[in-house]
Amino acid sequence: MTGLALLIPLALLCGLVALGAFFMALRSGQYDDLDGAAMRMLSDTEDD
Amino acid sequence: MATRALHPKPAAPVEMRESFLAVPGIHCAGCIAKVENGLPKVIGIESARVNMGAKRVAIRHDPALSPPDLKAALARLGFEAEPLADPGIDVAAAENRAVLRALAVAGFAAMNIMLLSVSIWSGAEGATRQMFHWLSALIALPTVAYAGMPFFRAAWAALRQGRTNMDVPISIGVLLTTGMSLYETVTGGAHAWFDGAVMLLFFLLAGRCLDSMMRGRARAGVAALLKQTAPGALVLDEAGQSLWTKADRLRPTMRILVAAGERLAADGRGLSGDSSLDISFLTGESAPVRVHAGDAVQAGALNIDGPLTVEVVAAGADTVIADIARLMEEAGQGKSRYVRLADRAARWYAPCVHLLAAMSFIVWIIAGAGLHQALLIAVSVLLITCPCALGLAVPAAQVVVCGALMRKGVLVKDGSALERLAESTEAVFDKTGTLTLGRPVPRDLDRLDAEDRSVLLALAQASRHPLSIALRQALEAEGVRSATLDAIREVPGEGLFADRRGVPVSLARPRCPNPLSELATEYCHGEEVHLLTFTDALRPDAAETLAALRAAGLLTLIASGDRPKALEEIARATGTTAIGRLRPADKLALLDRLKAQGQKVLMVGDGLNDGPALAAGHASMAPASASDASQLTADIVFMGDRLAPVAIALRAARRMVRVVKQNFALAIGYNLFAVPLAIAGKVTPLVAAVAMSVSSLIVVANALRLNESAK
């Protein structure tokens, strides 16, 4: 039981962190141009 | 430190402005790098960012640079570009993002609640179960409130108008299940259905998310092809100074200067200059029209030969284009009355389900069960019949078919377009630009020898005249290399003149009027004279495609604005009745007549003159070479020179409707099996979760069979 008290909040926290990261990525426009992102990794020049 | 001295920063920071340009030529990582690294080297441009999906470049630049300057900068890098109006706030993209956020929240919640539920199913009891139920409630309540919002909102909107759609049973099911589970949790009951409610939301949001992403991609593809009429023009003031003015600031009596290769920003009257205009966007005719001082010119026309000075007669909402746009808007209102397949199913499904739940409640009360137990059973009936599979049945099939069609170069812009396409009973085609390529193709090029061809290519490369472009494309396709010429010069309105090893060569307007064909040019090499004629060629597979449509049970008809004489040949080649001399309003009336006869018309057209008919058709398709307005109005846009996509899309749409109906049957079959269990009170949260996932998986798997549908 004591294990649960630690593990359940921990599991929820991990999930929330992942959710927060996804929201940040969405907000910063990383999902706006999926085709372009696939192309950019082939580019040799190291811009931005 | 030395480097800093070499690149001095401007003393006062200038306020930068952001402009958008459509660049259809961006294809690969190399193009992106070329644009993003090349543009900032131009003085006044701070940075450039390519959006590959939308084929769009966002440029931050000094306000002193006008759109033509930016266009020229891109042209120097080797890319054709068209300035775009400020996209403003993209409503569709915002909606897409909202659904994606809701999906993420529902996914997070569903996973965590499932984790807790699995512990309960494997035997957690007493205080542990109680705690797990509370934890589930803690996660589920905010999730339902947030992720369920799209459904609640749509359901409320439908109910307020006295209609019902798929969202109504979904909302009732989710809300009742959540409420009942909360009650169970508070009173310490054995079962809570939080996992079921949240999982249901997750599956449905997944379907909705796929749907909106697919539509967004198609829309972006079309928007990339979209060229604005003209964002503005150079206005000449009294002192003879010219100033770049935006289109919405143009007023009648202003004098504007239109360079060769530019589009007109307003309707007007030629003041000086002698040129020809490409008004194919209006008439669908590819032959340029000659204009002299005093002739009327229309906004959107492309100036081909020489500079023109035009006095503005009408601008903005008063132009001819704006008139046609209004006609289209009115014609398109009928389409919004179409009721989608899923909603038609829901009309029958929702009342049945709710009646069933109410009946089981009453029957259990009569049979002597307590209020609490009867309510539990009614809720479980609602949960098990909640149209999870039904909600996925349509979007899953649609997304798979749209993806398959997109790989074939067919962009489906509207979710209901395929359903409407599958229902159509008669196909009406425009001629110029739809059955034909809509651009001149040179005839009898093989009469010329290799030397003449390479000279011809060199001449054609030097001009932007449509006939030169047609020659260049045809010759380059044959692998001809251009010869080196001296002293190439273009005389506006006349043609191109040059020297080849001391012999004068020219590509010019024919000196004697040509009675056979309206489109011709004369090629001279020394004393030799060749008359080159052009035709608007039929799309390579037009006849087969029309035959395929007839084989699929559709009636076919050609409706054109052209002279009946010009239609004879095409009507014979395709074996189809053709009607000529139709103005935009006549085409609209023709469609209304067919509609009154009970036909559901698929309209295929490209010109602005087809716009109202495209809007009025039960379904509509346009080639990617069509005018902007037509592409915006058409439900489906297809790429390339072939007409086959029309038949392919029709076949795929019919297969999709078949699979959707199969999916409905599967979902109902599953209900026939599960509902008796629910009414008997045998459905535990575990059974509900398993049943729901399995039925959704089956429906999605069935939809995936459509992946090969666009063959």
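Residues numbered from 1 in each chain as written. Chains lettered and ligands numbered in written order. Predicted model: local features only at pLDDT ≥ 70, side-chain atom pairs only at ≥ 80, totals over all residues. Heavy atoms only, no water.

Engineer: Provide a residue-level description of helix H23 (residues 644-679) of chain B, including the pertinent values.
Structural biologist: One full turn of an α-helix is made of 3.6 residues, so residues set three or four places apart face in the same direction. All names here are of chain B. The end-to-end C-alpha distance of H23 is 52 Å, a good match for the 52 Å that 36 residues give at a rise of 1.5 Å each. The largest bend in H23 is about 30°, located at Phe673, with the proline Pro676 one to four residues further on. Trailing H23 by a residue or two, Gly681 shows a phi angle of about 80°, which is positive. (Helix = DSSP H or I, 4+ residues; strand = E, 2+ residues; numbered from the N terminus. Expected span 1.5 Å × (residues − 1). Bend = angle between axes of the 7 residues up to and from the residue.)

Engineer: Quick one: what's the story with the nonpolar core, residue by residue and with numbers?
Structural biologist: Residues Ile384(B), Leu405(B), Leu418(B), Leu421(B), Phe429(B) and Val646(B) are the most contacted members of the largest nonpolar core, which totals 112 residues. Counting residues per element, this core draws most heavily on H23(B), which supplies 17 residues. (Core = buried A, V, L, I, M, F, W, Y, C linked by side-chain atoms within 4.5 Å. Buried < 20%, exposed > 50% of the residue type's maximum accessible area, 1.4 Å probe, protein only.)

Engineer: If you had to explain the packing of H23(B) against helix H24 (residues 685-704) of chain B to someone new, which residues and values would you point to?
Structural biologist: Residues and elements named next belong to chain B. Running from amino to carboxyl end, H23 crosses H24 at an angle of 160°, the nearest separation of the two axes being 10 Å. With respect to each other, H23 and H24 are oriented roughly antiparallel. In the crossing of H23 with H24, the sense of the turn from one axis to the other is right-handed. Along the contact surface, H23 presents Val659, Gln662, Asn663, Leu666 and Tyr670, while H24 presents Ala691, Met692, Ser695, Ile698, Val699, Asn702 and Ala703. (Axes fitted to C-alpha atoms, helices over the stretch in contact; angles between N-to-C directions. Parallel < 35°, antiparallel > 145°, perpendicular 65-115°, else oblique. Left-handed = near helix turned anticlockwise from the far one by under 90°. Contact = heavy atoms within 4.5 Å.)

Engineer: Please set out the interface of chain B and chain A residue by residue, giving values where relevant.
Structural biologist: The extent of an interface is frequently quoted as the accessible surface area lost upon association of the parts. Each partner contributes residues to the interface: chain B has 27 residues there, and chain A has 23 residues. Contact between chain B and chain A buries roughly 2000 Å² in total, counting both sides, with carbon and sulfur atoms accounting for 69%. If you sort the residues of chain B by the area they bury against chain A, Ala29(B), Arg97(B) and Phe108(B) come out on top, with a joint share of 23%. Taken together, the connections running from chain B to chain A amount to one salt bridge. Note that Glu36(B) and Arg40(A) form a salt bridge whose closest N and O atoms lie 2.9 Å from each other. Remark: the boundary between chain B and chain A carries two residue pairs in polar contact (both at pLDDT 80 or more). Of all the secondary structure elements, the ones that give two or more residues to the side of chain B that touches chain A are helix H2 (29-38), strand S2 (45-51), helix H4 (91-121), helix H5 (126-147) and helix H8 (194-225) of chain B. Among the elements that make up the side of chain B that touches chain A, the one with the highest residue count is H4(B) (eight residues). A breakdown of the residues in the side of chain B that touches chain A according to their chemical character gives 16 nonpolar, six polar and five charged. (Buried area = accessible area lost by both parts, 1.4 Å probe. Salt bridge = Lys/Arg side-chain N within 4 Å of Asp/Glu carboxyl O. Polar contact = N/O pair within 3.5 Å; in protein donor to acceptor, adjacent residues only side chain to side chain. Nonpolar A, V, L, I, M, F, W, Y, C, P; charged D, E, K, R; others polar.)

Engineer: Explain the pattern of salt bridges to me, using residue names and the numbers behind them.
Structural biologist: All names here are of chain B. In this structure the tally under the stated criterion is 13 salt bridges over all chains. A salt bridge links Glu423 to Arg344, with the nearest nitrogen and oxygen atoms 3.3 Å apart. Remark: Arg344 occurs in helix H11 (residues 341-366) and Glu423 occurs in helix H14 (residues 417-423); sequence separation between them is 79 residues. Residue classification places Arg344 among the partly exposed positions, given a relative accessible area of 32%. A cluster of three or more residues bridged by salt bridges with shared partners is formed by Arg344, Glu423 and Lys600.

Engineer: Would you mind going over the sheet that holds strand S13 (residues 308-314) of chain B in detail, with residue names and values included?
Structural biologist: Residues and elements named next belong to chain B. On the basis of which strands lie adjacent, the open sheet formed by six strands has the order S6-S5-S7-S13-S8-S11 and antiparallel pairing. The open sheet terminates on both sides in strands that have one partner only, identified here as strand S6 (242-246) and strand S11 (296-297). Both strand S7 (residues 255-258) and S13 contribute to a ladder of four bridges, which runs antiparallel. Along S13, the bridge assignment pairs Val258 with Leu308. (Pairing = 2+ DSSP bridges.)

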